[in-house]
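Chain residues, written in single-letter form:
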Amino acid sequence: MSLLAAAAALAALGAPALRVTLTPSRAPQGGVVQVTVASPSPPLASAVLVDGERRIPLERLDGGRRFAGLMGVDFETKPGERPLVVEGVDAAGVPVTATATLRVVPRKFGVSKLSVDPRFVEPPPEEKERIERDREAFRKAFASPLPARLWEGRFTSPAKAPSQGNFGAKRVYNGQTRSRHAGLDLSAPTGTRVAAPAAGVVVLAGEFYFAGGSVVLNHGGGLMTMYFHLSRIDVKEGDRVAPGQLIGAVGATGRVTGPHLHWAARLGGARVDPAALLTLPARPASPPAGRPPRE
Ligand SMILES: [Zn+2]
């Protein structure tokens, strides 16, 4: 069927044509994709991006004529074509769908060989319980609900510190291969100021076996960022933080070879390169929840 014929068939069904744009449409492993959906007529009440098992709610803009959101590509995603579906519902409750294809391109990740205190490679049995408790605390923080996006504008780096470019690196500790490095290390001496890169809510703040002094921020819209190995924590769980607000200081706590900031990000559960957040364009303020702004 030609495009015109398809459009005519859709018009005959009364289904509006949704236009889905992915920026970029070819994304690296660990990348962040901006998703926009245009619904020229009629406006939609809601729209969700479906990526396999994941459902990513999109933000309603321009009275339902436009939707926007961010999709994370987990760094261990298999390269290749990834079919996506946008599921919308119009004001009358009629479902409207559209499809798009994201091309995930492979990214080269390095290998880091590190020497650390042996207790961080083979933790002593008496620490097992604590490590399990830590895991549970992180699981709980990652599950904290916060559907609406809290941030506006652009993300800024959490510390004045050069990046080691080691996101996703394979890790070999004292000669033993361990899980991949799901964050990015920024080199800075102990005491360097760590600031929130954008507005958010503190969903975890405390001391952990591997991560040391840690803060997890929930920025809403499915985005969380993490700060590990801190020497000092200046916020507590439940605090709302403004962009640039002090949250702690760089340190060398937990499984480390020296002082640095481990910065990590999860978007809809996908582990993404936090550096990708810094290149996102500014985002407008969220429309107030509940009532749509103007029709
Ligand atoms: Zn790290």
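This is a predicted model, so every value here is computed, not measured.

1. Looking at the overall build of the protein
A count of helical and extended segments in the protein gives two helices and 22 strands. Relative to its full complement of 295 residues, the protein shows a buried share of 46%. A total of about 14700 Å² of accessible surface is found on the protein, and carbon and sulfur atoms cover 56% of it. Taken together, the 37 basic and 25 acidic charged side chains of the protein have centroids lying 6 Å from each other.

2. Section: the coordination of the zinc ion
Within the protein, the atoms that donate to the zinc ion are His181 (NE2), Asp185 (OD) and His262 (ND1), at distances of 2.0 to 2.1 Å. All donors of the zinc ion come from a single chain, and their spacing in sequence reads H-x3-D-x76-H. Of this pair, His181 sits in the loop between strand S12 (176–178) and strand S13 (184–186) while His262 is found in strand S21 (residues 261–267), placing the two residues 81 residues apart along the sequence. We note that His181, like His262, is buried.

3. A closer look at unusual backbone geometry
With omega at -5 degrees, the peptide bond leading from Thr23 into Pro24 counts as cis. The topology assignment puts Pro24 in the loop between strand S1 (19–23) and strand S2 (26–28). In this model, Asp62 sits at a positive phi of 50 degrees, which is unusual for a non-glycine residue. You can see Asp62 is positioned in the loop between strand S6 (59–61) and strand S7 (66–72). In the Ramachandran plot, His229 falls in the positive-phi region, its phi being about 70 degrees despite a non-glycine side chain.

4. As for the nonpolar core
The tendency in soluble globular proteins is for nonpolar side chains to be buried side by side. Membership of the largest hydrophobic core comes to 34 residues, with the highest contact counts inside it found for Val32, Val215, Leu217, Tyr227, Ile247, Leu261 and Leu277. Among the elements that take part in this core, S21 stands out by supplying four residues, more than any other. Once you skip the residues sitting within four places of it in the chain, Leu261 turns out to touch Pro158, Ala159, Leu184, Asp185, Leu186, Val194, Tyr227, Phe228, Leu230 and Val250. Counting residues in hydrophobic clusters, the runner-up holds 22 residues, among them Val33, Phe67, Met71 and Val96.

5. Focus on the pairing of strand S17 (residues 223–230)
With eight of its eight residues buried, S17 lies for the most part within the structure. The pairing of strand S16 (residues 212–220) with S17 spans six bridges and is classified as antiparallel. Bridge pairing in S17 links Val216 to Met226. The sheet contact formed by S17 and S21 spans six bridges and is antiparallel. Across the sheet, Met224 pairs through a bridge with Arg266, a residue of S21.

6. Looking at the pattern of salt bridges
A complete count under the given rule lists 19 salt bridges for this structure. For the salt bridge of Asp234 with Arg232, the shortest nitrogen-to-oxygen distance reads 2.9 Å. Take Asp234: its relative accessible area is 35%, and that puts it in the partly exposed class. The class of Arg232 is partly exposed, set by a relative accessible area of 40%. One salt-bridge network, in which partners are shared between bridges, spans Asp74, Glu76, Arg180 and Arg271.

7. Examining the environment of Gly183
With respect to the helices, strands and loops of the structure, Gly183 is situated in the loop between S12 and S13. Discounting chain neighbours no more than four positions away, the residues touching Gly183 are Asn166, Phe167, Gly168, His262, Trp263 and Ala264.

8. Observations regarding helix H2 (residues 128–142)
Because an α-helix completes one turn every 3.6 residues, residues spaced three or four positions apart along the sequence face the same direction. Compared with an ideal rise of 1.5 Å per residue, which puts 15 residues at 21 Å, H2 spans 21 Å between its outermost C-alpha atoms and is within 8% of the ideal. Turning to H2, its buried residues number three or more, namely Ile131, Asp134, Phe138 and Ala141. Projection of H2 onto a plane perpendicular to its axis shows the buried side chains occupying an angular sector of 80 degrees, all on one side. The exposed residues of H2 that point more than 90 degrees off its buried face are Lys128, Glu129, Arg133 and Lys140. Next to the buried residues of H2 lie strand S15 (200–208), S16 and S17.

9. Observations regarding the side chain of Ser112
Within the secondary structure, Ser112 is located in strand S10 (residues 111–114). What Ser112 contacts, discounting residues up to four positions off in sequence, is Ala169, Lys170, Arg171 and Val172.

10. A closer look at the environment of Ala137
Summarising the element assignment, Ala137 is placed in helix H2. The exposure class of Ala137 is partly exposed, given its relative accessible area of 23%. Expressed as a C-alpha distance, the spacing of Ala137 and Val203, which sit 66 residues apart in the sequence, is 9.8 Å. Setting aside chain neighbours within four positions, we find Ala137 in contact with Leu204 and Phe208.

Reading the values: the criteria
Residues numbered from 1 in each chain as written. Predicted model: local features only at pLDDT ≥ 70, side-chain atom pairs only at ≥ 80, totals over all residues. Heavy atoms only, no water. Helix = DSSP H or I, 4+ residues; strand = E, 2+ residues; numbered from the N terminus. Buried < 20%, exposed > 50% of the residue type's maximum accessible area, 1.4 Å probe, protein only. Areas by Shrake-Rupley, 256 points an atom, 1.4 Å probe, with all protein chains shown as cover. Lys, Arg positive; Asp, Glu negative; His and termini not counted. Charge placed at Lys NZ, Arg CZ, Asp CG, Glu CD. Donors = N, O, S within 2.8 Å, 3.2 Å for Na, K, Ca; no water. Core = buried A, V, L, I, M, F, W, Y, C linked by side-chain atoms within 4.5 Å. Contact = heavy atoms within 4.5 Å. Pairing = 2+ DSSP bridges. Salt bridge = Lys/Arg side-chain N within 4 Å of Asp/Glu carboxyl O. Expected span 1.5 Å × (residues − 1). Arc of directions from axis to C-beta.

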